[in-house]
Amino acid sequence: MSILLITIVALACGGAMVMAQPFFGKKASGERLERIRKSPNYRDGAFRNEVETKTLTVSGWKMLRNMFKSHPNTKPSEPLHVVRTDLRALPPDSNCIVWFGHSSYLLQIDGKRILVDPVLVRASPVSFTTKPFKGTNLYRPEDMPAVDYVIVTHDHYDHLDYKTMKALRDSIGHVVTPLGVGAHLEYWGFAPERVTDLDWYERCSFADGFTFHCTPTRHFSGRGKGSNQTLWGSFVIETPSGLRIFVGGDGGYGPHFKHIGEQFPNIDLALVENGQYDAMWPNIHTRPEELGQVMADLGARHYITVHHGKYALANHPWDEPLENERRAATQTGSTLSVLTIGEVYPIITNK
């Protein structure tokens, strides 16, 4: 009995020490916590989606069992083709995008740089899981130029990397996040005045003419210290020249896409999720058969899909998202760009 008690105490202490590591972030407190509690999207101690959303549709045991039945083609057998671009040498007056795989990309638009969900070190709290595909981990924090804005769509590890944010901290002008995520950033040394947390349907505008609107997604959040204690979101960026760019974040299909398309007509570029979907979690990631409807609902002039091409987080062929996006674009008549990691693509506005 004594040995059992000692073992339990040791495990508890070990777990507490692990969870105390800064990688896991920090829960909101003070004024930020009060804002969370007053949010119409925070009920019964957690953030909620606009529509009823079950994160998993199978039991934990079945999920664990299915993980050992992985598709044979979830990872490429050979290193993927990527392009090495000197990001600091991009002409400042060019409107373009550079994708770093998965959901990380750099937008350069109207003379400003906007970095989205930067994960350039690792997408997991431990180094031995969520390995990038061979060849795709080309870009590191030291390759990144100074950026004016960072958007963090939610606090999952594959969208918010502690080591990347720490490395880039002094070269970031301002960070825009959904409600509560800023607590992690302040814990990691970001000055409070350089972080803006937004609830759904809130916006923030800056003196340079950029406005960021936080809009809903259908997803969840958490970094090991309680689920759904921070909000998840998408964003609409409005630029000084009148461009509108939709940053989709993660999330399953829902009526919010149509609402966003109606609230922000004539979106010039929409970056939407396409990948890491699974029959075990059909509500929280866009399924292949829903991608065309997402495009139709948003009504954007041009589309790029992300959340693929770097990690295997679900049981589908690694290149299936490429087929999904081409099929959806053909079905809807949408204009689509298929990106290669590191290549510079002009932002097409059709204006």
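Let me sum up the structure you'll find in this document. These numbers come from a predicted model, not from an experiment. (Residues numbered from 1 in each chain as written. Predicted model: local features only at pLDDT ≥ 70, side-chain atom pairs only at ≥ 80, totals over all residues. Heavy atoms only, no water.)

**What about the overall build of the protein chain?**
Right, so step 1: When helices and strands are tallied, the protein chain shows 8 helices and 15 strands.
Right, so step 2: A compact globule built from 351 residues would reach a C-alpha radius of gyration of about 20 Å, and the protein chain, at 20 Å, matches this within 12%.
Right, so step 3: Counting only C-alpha atoms, the protein chain reaches 75 × 45 × 40 Å along its principal axes.
Right, so step 4: For the protein chain, the proportion of its 351 residues judged to be buried stands at 53%.
Right, so step 5: In the protein chain, the share of contacts with a sequence separation of at least 24, taken over all contacts with a separation of at least 6, comes to 72%. (Helix = DSSP H or I, 4+ residues; strand = E, 2+ residues; numbered from the N terminus. Rg over C-alpha atoms; globule rule 2.2 N^0.38 Å. Buried < 20%, exposed > 50% of the residue type's maximum accessible area, 1.4 Å probe, protein only. Contact = heavy atoms within 4.5 Å.)

**Considerations on the pattern of salt bridges**
Right, so step 1: Evaluation of the coordinates by the stated rule reveals 13 salt bridges.
Right, so step 2: Across the pair Arg244 and Glu238 runs a salt bridge whose closest N-O atoms are separated by 2.8 Å.
Right, so step 3: Arg287 serves as the salt-bridge partner of Glu290, at 2.7 Å between the closest nitrogen and oxygen.
Right, so step 4: Taken together, the shared-partner salt bridges in this structure form one network comprising Arg32, Glu186 and Asp197. (Salt bridge = Lys/Arg side-chain N within 4 Å of Asp/Glu carboxyl O.)

**A short note on the packing of helix α6 (residues 256-263) against helix α7 (residues 291-298)**
Right, so step 1: As a packed pair, α6 and α7 sit with axes 7 Å apart at the nearest point and diverge in direction by 25 degrees. Classed by the angle they form, the pair α6 and α7 counts as roughly parallel. Between α6 and α7, the contacting residues are Phe257, Lys258, Ile260 and Gly261 on the first element and Val294, Asp297 and Leu298 on the second.
Right, so step 2: For the contact of α6 with α7, the per-class residue count stands at 4 nonpolar, 1 polar and 2 charged. (Axes fitted to C-alpha atoms, helices over the stretch in contact; angles between N-to-C directions. Parallel < 35°, antiparallel > 145°, perpendicular 65-115°, else oblique. Nonpolar A, V, L, I, M, F, W, Y, C, P; charged D, E, K, R; others polar.)

**Comments concerning α6**
Right, so step 1: For α6, the set of buried residues is His256, Phe257, Ile260 and Gly261. Buried residues of α6 fall within an arc of 140 degrees about the axis and therefore sit on the same side.
Right, so step 2: Buried residues belonging to α6 abut β10 (211-215), β11 (234-238), β12 (244-247) and α7. (Arc of directions from axis to C-beta.)

**Structural notes on the sheet that holds β10**
Right, so step 1: What the 6 strands build is an open sheet, ordered β9-β10-β11-β12-β13-β14; its pairing is mixed. The sheet terminates laterally at β9 (203-205) and β14 (303-306), the two strands that pair on one side only. Along the sheet, successive strands turn relative to each other by an average axial angle of 15 degrees, direction set aside.
Right, so step 2: With 5 bridges joining them, β10 and β11 adopt antiparallel strand pairing. (Pairing = 2+ DSSP bridges.)

**Digging into the packing of α7 against helix α8 (residues 320-332)**
Right, so step 1: It is the contact of α7 with α8, at a shortest axis distance of 8 Å, that shows an interaxial angle of 50 degrees. With respect to α8, the element α7 is oriented oblique. Remark: the crossing between α7 and α8 carries right-handed chirality. Across from Leu291, Gly292 and Met295 in α7, the residues of α8 making contact are Asn324, Glu325, Ala328, Ala329 and Thr332. (Left-handed = near helix turned anticlockwise from the far one by under 90°.)

**Considerations on the packing of aromatic side chains**
Right, so step 1: For the structure shown, the criterion picks out 14 aromatic pairs.
Right, so step 2: With a centroid separation of 5.9 Å and 85 degrees between ring planes, the pair formed by Phe206 and Phe212 is classed as edge-to-face.
Right, so step 3: The exposure class of Phe212 is buried, given its relative accessible area of 0%.
Right, so step 4: Ring-pair connections join several aromatic residues into one group, and the members of that group are Phe23, Phe24, Tyr157, Tyr162 and Trp188.
Right, so step 5: Over the face of the ring belonging to Tyr139 we find Arg84, whose NZ or CZ atom lies 5.1 Å from the ring centre. (Phe/Tyr/Trp six-rings, centres within 6.5 Å; stacked < 30°, edge-to-face > 60°. Lys NZ or Arg CZ within 6 Å of the ring centre and 35° of its normal.)

**Examining the pairing of β11**
Right, so step 1: Judged by how many residues are buried, β11 sits mostly within the fold: 5 of 5 residues are covered.
Right, so step 2: Along β11, one buried face is formed by Ser234, Val236 and Glu238 and the opposite face, lined by Phe235 and Ile237, is buried too.
Right, so step 3: In this sheet, β12 lies alongside β11 in antiparallel orientation, the contact comprising 4 bridges. Opposite Phe235, over in β12, you have Val247 as the bridge partner.

**Quick notes on the environment of Phe210**
Right, so step 1: Along the polypeptide, Phe210 turns up in the loop between β9 and β10.
Right, so step 2: For Phe210, a relative accessible area of 0% puts it in the buried group.
Right, so step 3: Taking C-alpha positions, Phe210 is 7.2 Å from Ile237, a pair spaced 27 residues apart along the chain.
Right, so step 4: Here Phe210 is in contact with Ile109, Asp110, Lys112, Ile114, Tyr149, Cys204, Ser205, Ile237, Glu238, Thr239 and Pro240, once residues within four sequence places are set aside.

**Observations concerning the side chain of His213**
Right, so step 1: On the secondary structure map, His213 appears in strand β10.
Right, so step 2: In this structure the side chain of His213 is engaged in a polar contact, spanning 2.7 Å, whose partner is the side chain of Glu238.
Right, so step 3: When sequence neighbours within four positions are dropped, the list of residues in contact with His213 reads Glu202, Arg203, Ser234, Phe235, Val236, Glu238 and Phe264. (Polar contact = N/O pair within 3.5 Å; in protein donor to acceptor, adjacent residues only side chain to side chain.)

**Considering the sheet that holds strand β4 (residues 105-109)**
Right, so step 1: Pairing is mixed across the open sheet formed by 7 strands, whose spatial order is β8-β7-β6-β5-β4-β3-β15. Each edge of the open sheet carries a strand with a single partner, namely β8 (195-198) and β15 (344-346). The mean angle between the axes of side-by-side strands here comes to 20 degrees, regardless of whether they run parallel or antiparallel.
Right, so step 2: Relative to strand β6 (residues 147-151), strand β5 (residues 112-116) runs parallel, the two sharing 3 bridges. For Ile114, the partnering residue across the bridge sits in β6 and is Tyr149.

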